[in-house]
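Examination of the molecular architecture
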Amino acid sequence: SIKRIEIIGELFERLPGLDADASTVDDETIEELAGIKTIAGIVDWIVARGEAPEAAGSPLAADGGDETTSSADGAGWRAGGPPAPAPPVRALRSTVTWAPVDDDEALVEPTGTVAVVGRGALADAVVAALPDGCDAVLVEPGQPVPPGAGSVVDLTPLTEGWGPPEVLALVQQAVAARPDRVVVAHPHGALAAEGLGGLVRTAGRERPDTAWRSLAWTGPDDDATVAAAVVAELTRPGGPVAVRVDGRTRLAAVLTAERPVPELTAELGAPDAADGPRVALLTGGAQGITARAALALAERGYRVELLGRSPLPAAEDPATAAAETDADLRRALLAAGRADPRAIEAEVAAIRRDRRIRTTVAALDAAGAEHRYHPVDVRDAAGVAEVVADVVARHGRLDLVVHGAGVLEDKLLADKDVDSFRRVFHTKVEGADALLAATADHDARVVLFGSIAGVFGNRGQADYAAANDALDARAHADADADAGADADGQDRQGVRRRVVSVDWGPWAGGGMVGAELEAEYGRRGIGLIDPDDGIAALLDLASTPDPPAQTVVMRATPDAFDRGHGDR
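Residues numbered from 1 in each chain as written. Predicted model: local features only at pLDDT ≥ 70, side-chain atom pairs only at ≥ 80, totals over all residues. Heavy atoms only, no water.

1. With respect to the nonpolar core
Put simply, the rule is: Joining through side-chain atoms within 4.5 Å is the link that ties buried Ala, Val, Leu, Ile, Met, Phe, Trp, Tyr and Cys residues into a set, and such a set is a nonpolar core. Each residue's exposure class comes from its accessible area (1.4 Å probe, protein chains only) as a fraction of the maximum for that residue type: buried when under 20%, exposed when over 50%, partly exposed otherwise. A run of H or I in DSSP counts as a helix once it spans at least four residues, and a run of E counts as a strand once it spans at least two, with each numbered from the N terminus. The criterion used for residue contact is that any of the two residues' heavy atoms lie within 4.5 Å.
Judged by nonpolar contacts, the single largest core of 36 residues is most densely connected at L282, L306, L400, W504 and V553. Looking at this core, the elements with two or more residues in it are β11 (279–283), α8 (288–299), β12 (303–308), α11 (341–366), β14 (400–403), β15 (445–451), β16 (498–504) and α17 (531–543). Apart from residues lying up to four places away in sequence, V553 is in contact with A91, L92, R93, V261, V502, D503, W504, G505, I529 and A537. Counting 29 residues, the second-largest nonpolar core is a separate cluster that includes V152, V167, V184 and A470.

2. Considerations on the confidence of the model for the chain
Worth spelling out the cut-off: A residue's pLDDT is the confidence the predictor assigns to it, expressed on a 0 to 100 scale.
Across the chain, pLDDT averages 84, with 86% of residues at or above 70. Of all the helices and strands in the chain, strand β1 (residues 67–69) carries the lowest mean pLDDT, 25, while helix α12 (residues 381–395) carries the highest, 97. Residue range residues 51–81 is modelled with pLDDT below 50. Its contacts to residues more than four positions away, or to other chains, number 78 contacts. Counting interchain partners and residues more than four positions distant, the pLDDT-below-50 stretch residues 564–568 has 20 contacts.

3. Looking at α17
Keep this limit in mind: A helix's residues, less one, multiplied by 1.5 Å, set its expected span.
Taking 1.5 Å per residue as the helical rise, α17 with its 13 residues ought to reach 18 Å, and the 18 Å between its terminal C-alpha atoms agrees with that figure. Of all 13 residues that make up α17, 11 are buried, and the element is covered over most of its length. All buried positions along α17 are accounted for by P531, D533, G534, I535, A536, A537, L538, L539, D540, L541 and A542. Buried residues in α17 make contact with β3 (92–100), α8, β14, β15, β16 and β17 (550–554).

4. Examining the pattern of salt bridges
Note the following rule: Only one rule defines a salt bridge in this text: a Lys or Arg side-chain nitrogen within 4 Å of an Asp or Glu carboxyl oxygen.
Applying the stated criterion across every chain yields a total of 29 salt bridges. Linking R303 and E370 is a salt bridge whose minimum nitrogen-to-oxygen distance equals 3.1 Å. In this pair, R303 is assigned in strand β12 and E370 in the loop between α11 and β13 (371–375), connecting sequence segments 67 residues apart. Each member of the salt-bridge network shares a partner with another, and the members are R213, E233, R236 and R250.

5. As for the side chain of T202
Note on placement: T202 falls in helix α6 (residues 196–206). On the basis of relative accessibility, which here comes to 0%, the residue T202 falls in the buried class. Beyond its immediate chain neighbours, meaning those up to four positions away, T202 contacts G457, N458, R459, Q461, A462 and A465.

6. Focus: the side chain of K416
Which entries qualify depends on this criterion: By the criterion applied in these results, polar contacts are pairs of N or O atoms within 3.5 Å in which, for protein atoms, one can donate a hydrogen and the other can accept it, and in which residues neighboring in sequence qualify only through two side-chain atoms.
Structurally, K416 can be placed in the loop between β14 and α13 (418–438). Given the relative accessible area of 6%, K416 is considered buried. One polar contact links the side chain of K416 to the main-chain carbonyl oxygen of E409, over a distance of 2.4 Å. A polar contact of 2.7 Å, which involves the side chain of K416, links it to the side chain of S420. If sequence neighbours within four positions are ignored, K416 has contacts with L168, Q172, E409, K411, F421 and D463.

7. Overview of the environment of R213
Checked against the element boundaries, R213 lands in strand β8 (residues 211–218). Of the residues examined, R213 reaches a relative accessible area of 3% and is grouped as buried. A C-alpha to C-alpha distance of 5.8 Å links R213 and A242, two positions 29 residues apart in sequence. In terms of polar contacts, R213 uses its side chain to reach the backbone carbonyl oxygen of G238, at 2.9 Å.

8. Section: unusual backbone geometry
The residue R178 is not glycine, and still its phi comes out positive at about 55°. Residue placement: R178 occurs in the loop between α5 (164–177) and β7 (181–187). For R178, a relative accessible area of 46% gives the class partly exposed.

9. Overview of the packing of α8 against α11
To keep things clear, this is the line we draw: To obtain an axis, a line is fitted to C-alpha atoms, over the contacting stretch when the element is a helix, and the angle between two such axes runs from 0 to 180 degrees between their N-to-C directions. Comment on the angle field: the value is read as roughly parallel under 35 degrees, roughly antiparallel over 145, roughly perpendicular from 65 to 115, and oblique elsewhere. Note that Gly is not counted as nonpolar here; it falls among the polar residues with everything else outside the nonpolar set of Ala, Val, Leu, Ile, Met, Phe, Trp, Tyr, Cys and Pro and the charged set of Asp, Glu, Lys and Arg.
At a minimum axis separation of 10 Å, α8 and α11 run at an interaxial angle of 10°. With respect to their mutual orientation, α8 and α11 come out roughly parallel. Taking contact as the criterion, the partners of A291, A294, L295 and A298 in α8 are, on α11, T360, A363 and L364. Split into classes, the residues belonging to the contact of α8 with α11 amount to 6 nonpolar, 1 polar and no charged.

10. A look at the environment of D441
Note on placement: D441 falls in the loop between α13 and β15. Classification of D441 by relative accessible area gives exposed; the value is 65%.

Next comes the structure, spelled out in structure tokens:
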């Protein structure tokens, strides 16, 4: 999704005959171009678009125009409308809590065909609770929804073993069929189903002409009560996409307490010297953001343990060592006899990854840090448990765990296959579960790296949004368990492990955000997080005695992501 914006933005800048620039290219245009599979097809599109007169309100108009959808994450914007406010100078921290929703919106009863996907007593109760004028159709989980359904109720998350990857096919059907309303329902606290909020939020970004809802219920769970709550969501075409119902109270996620992150100083996050050297374990810690975090922790006296899926790389082949750019690497590999373009691209990516790992290890060496690298896939629960046991055996403690591992395979929902979805989702979620199981009996702070994609949804990132939303749910579940134990006066035997999630906005540096995408963000009031601010936010979370379960860190205010949607 990032590359689409950058490439198409450059296309429009280089072809003045299109009479547009990157700031006026909307999502429909990007999707249209991305769907053309040949260069000849793109040329035909350019010729046709360049010669056609622009109608009033065209997405390509230089000023004025209708409301469209932005290409970075689906938040609405109005071409030629009032400019977005400038992003904050520094990143802000917001706490995410669940609060009652204002239910004053106008209700609209569903009519026509309502497809209820599920089986058992609850599915029957939903059918019975539908108002007159609805033609209910029961659909077995895994079977296609009948064409022409005006509303869809998905109860498949109640099916054992069904979570976001399994719900993907039904969401894709709904994206293609464009029903008026879709409600995906599941019991709150069923961790296997958590992450559906992020998936459904993303569906709402990609198909905004459908009213989407993710509903989780707590409290009384008799079938009639739950069915009434599900049908009630069908009557609410607006409002937040992800909601919870606790008895008669309807809740939604709310961002509060916007505060600048603290200044990055040598003292921030540094442990008390009398406490002895602390120990930090970081997944994905030899690359990207967590590599920066590892070095910052090492500079504050932490012993650093890095966990990564790739083996610790040996010295680079002299045939490519002098190549600096990707183009140079491709030429070097071609000269060395490589011929398959896909294999060359994979090798270029591997060389880049190995260079980042070696750079991180060299920086830790230069800082005089005590460190060790563990080549273990974070989804391997037994392997993660062995690493944690080894760390504790060698150091006698484990103070901080940072789960930064993750993969991206961005595609729109219509093009997403379930295997790709599972890879992205499970790297984050199974990795988190492995770490939480391995550290259950340790007095450690566990920081799960999430993303604003899970909080707001993000076009092309349904899997990533679902994964990060699931991480947020695990942090809230841990806080709820702590609160329940304290309220009951339980003896926790001194173990006070605390799990928190931090949802990052886009970072500057590292090559992740190019100039076109940065300009697109800036036009909507979203700035890039300075790396020092991001590290300061992490160190503060790692050292604050009682941090919130979920924190959003971004150089923007929530309305920058909500413009045109009015939901979170």
